[in-house]
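# Structural overview for review
The lines below spell out each chain.
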Amino acid sequence: MAVTWLTGALALTSGLGVRPFPFQTAARVSSIRLALPAQPALREFFLEKAGVDVAYVDRVLSKCDEEYIGDVAGLRVAMEAGLLNDFFKPVVRLGIESALERLIPDVSIAAAQVVGIMPNGRASSAAQVTPKAALEVEPYHAILPNLPLNTFKNKAPHVGSIVNVKRIVGASSPGEVCHIQISTGGALRYWEGQSLGVVPPGTNPKNGKPNSVRLYSIASTRYGDDLAGDSVSLCVRRALYWDAELKGYDPAKKGVCSNFLCDSKPGDPVSVTGPTGKVMLMPEATPKADLIMIATGTGIAPYRGFLRRLFVESTPAADAFTGLAWLFLGVANADSLLYDDDWQEVRPPPARCTPPLPSPRRSPAVEELRARCAQP
């Protein structure tokens, strides 16, 4: 049985509720104990992997902060988008690229602990819907030969418009996450698993230049949420900085692009670039492959597109898929579950969810999820 691992930029951390969702019927599903190594911290990565001199590492980290790169996965996304050359000097860029090529996620522990998964036919509680646009290729799984890349460049972005902005977390969530739907007029083609660049309006106060592009994983299929093929959706967490001395959020340090998107209104113009990315793509050429998807927070975005393509939309990929799809979603508390209605719509009965795994560090969030999962 082929097993495809799609880990992206994600790590499961202590204190997070880990919620597994099986999206195919299984004759028997035994307990799953998941252990993934954490991504190395940026400083450690630069010093030990990328060969950055200790005298210059603070400058490199400062540049990462300026470009909103918070982890190694962010560096990988920037590399795939061809942005490292704009951010770092050649010697630093080459070291980073070399280190990223050598850094392969170790999923052997988790793979060894996923046991007893036995697919037993297709099942879905949701009726599939037919897209209104024709965006398939022949054969349907010929992804790389037909992959759109950088259709719109940073210096010549496409100007779309906001369709809607919807808060998708509850009142008890520790942060705000919004689902952003953007109309592209059909000019921007993309595939599930790619990323979109957004250029926020205004200038960078540090250098007086126009704000640089920010990358977001696409949270919709190629057909968009309305199935017309003329929109794209993003999952965006509003970035705010709490200042202990001010005892409030410092507006000077808030995320420029995330706040622009979350504050947008229908009809507002938005400049987009891309699409970028050719790594986080579904292995549609092997429909028997099992998909194990691991996400925390807004890292769920590409997997929403995957699961909608396989279980919601009437597509060749949905018709051919016979594997087992698992989604592991880590959140801070029950109010922070993202797209829960989507998951409940497509997952088979009878169990509502599997309780989070026991942790030596029990947190209120884990206990809350365990109690919720115990309910009928």
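Criteria and cut-off values
- Residues numbered from 1 in each chain as written.
- Predicted model: local features only at pLDDT ≥ 70, side-chain atom pairs only at ≥ 80, totals over all residues.
- Heavy atoms only, no water.
- Pairing = 2+ DSSP bridges.
- Helix = DSSP H or I, 4+ residues; strand = E, 2+ residues; numbered from the N terminus.
- Axes fitted to C-alpha atoms, helices over the stretch in contact; angles between N-to-C directions.
- Parallel < 35°, antiparallel > 145°, perpendicular 65-115°, else oblique.
- Contact = heavy atoms within 4.5 Å.
- Nonpolar A, V, L, I, M, F, W, Y, C, P; charged D, E, K, R; others polar.
- Salt bridge = Lys/Arg side-chain N within 4 Å of Asp/Glu carboxyl O.
- Buried < 20%, exposed > 50% of the residue type's maximum accessible area, 1.4 Å probe, protein only.
- Expected span 1.5 Å × (residues − 1).
- Arc of directions from axis to C-beta.
- Polar contact = N/O pair within 3.5 Å; in protein donor to acceptor, adjacent residues only side chain to side chain.
- Left-handed = near helix turned anticlockwise from the far one by under 90°.

### Here's the deal with the sheet that holds strand β6 (residues 214–217)
One open sheet accounts for six strands, arranged β6-β5-β10-β3-β4-β7; its pairing is antiparallel. Here the strands that pair on one side only, and so sit at the sheet edges, are β6 and β7 (231–237). Recorded for the sheet is a direction-independent mean angle of 40 degrees between the axes of neighbouring strands. Direction of pairing for strand β4 (residues 177–183) relative to β7: antiparallel, over a ladder of seven bridges. Opposite I180, over in β7, you have L234 as the bridge partner.

### Some remarks on the packing of helix α1 (residues 42–49) against helix α5 (residues 90–102)
When two helices pack together, their arrangement is given by the angle between the helix axes and the distance between those axes. At a minimum axis separation of 10 Å, α1 and α5 run at an interaxial angle of 100 degrees. By the angle class used here, α1 and α5 are roughly perpendicular. Counting all contacts with α1, which are made through F45, F46 and K49, the residues of α5 involved are I96, A99, L100 and R102. Class assignment for the residues of the contact of α1 with α5 results in five nonpolar, no polar and two charged.

### Thoughts on the pattern of salt bridges
If charged atoms from side chains of opposite charge come close, those side chains can pair. Applying the stated criterion across every chain yields a total of 15 salt bridges. A salt bridge links E136 to R309; the shortest N-O distance between them is 2.9 Å. Taken together, the positions of E136 in the loop between α6 (108–113) and β3 (158–167) and R309 in helix α8 (residues 301–311) put the pair 173 residues apart, joining distant regions of the chain. The exposure class assigned to R309 is buried, which follows from its relative accessible area of 0%. Residue R222 pairs with E192 through a salt bridge whose shortest N-O separation is 2.8 Å. Residue R222 is located in the loop between β6 and β7, and its partner E192 is located in the loop between β4 and β5 (195–199); the two are separated by 30 residues in the primary sequence. The exposure classification of R222 matches that of E192, with both residues buried. Through salt bridges with shared partners, one network takes in E136, E192, R222, E284 and R309.

### Considering α5
Here α5 is 13 residues long and its end C-alpha atoms lie 18 Å apart, about the 18 Å a rise of 1.5 Å per residue gives. Taken residue by residue, α5 has V92, R93, G95, I96, E97, A99 and L100 as its buried positions.

### Describing α1
Among all positions in α1, only L42, F45 and F46 are buried. In an axial view of α1, the angular spread of the buried residues amounts to 95 degrees, which keeps them on one side of the axis. One or two steps after α1, the chain reaches G51, where phi turns positive at roughly 75 degrees.

### What about the environment of R309?
C-alpha separation for the pair R309 and Q128, spaced 181 residues apart in sequence, amounts to 9.6 Å. Here the side chain of R309 touches E284 through a polar contact of 2.7 Å, side chain to side chain.

### Overview of the packing of α1 against helix α2 (residues 57–66)
Where α1 meets α2, the axes come as close as 10 Å, and the angle between the chain directions of the two elements is 135 degrees. Compared by their axis directions, α1 and α2 come out oblique. In the crossing of α1 with α2, the sense of the turn from one axis to the other is right-handed. Of the residues in α2, those in contact with L42, R43, F46 and L47 of α1 are V57, D58, V60, L61 and C64. Split by residue class, the contact of α1 with α2 holds seven nonpolar, no polar and two charged.

Keep in mind these numbers describe shape, not what the thing actually does.
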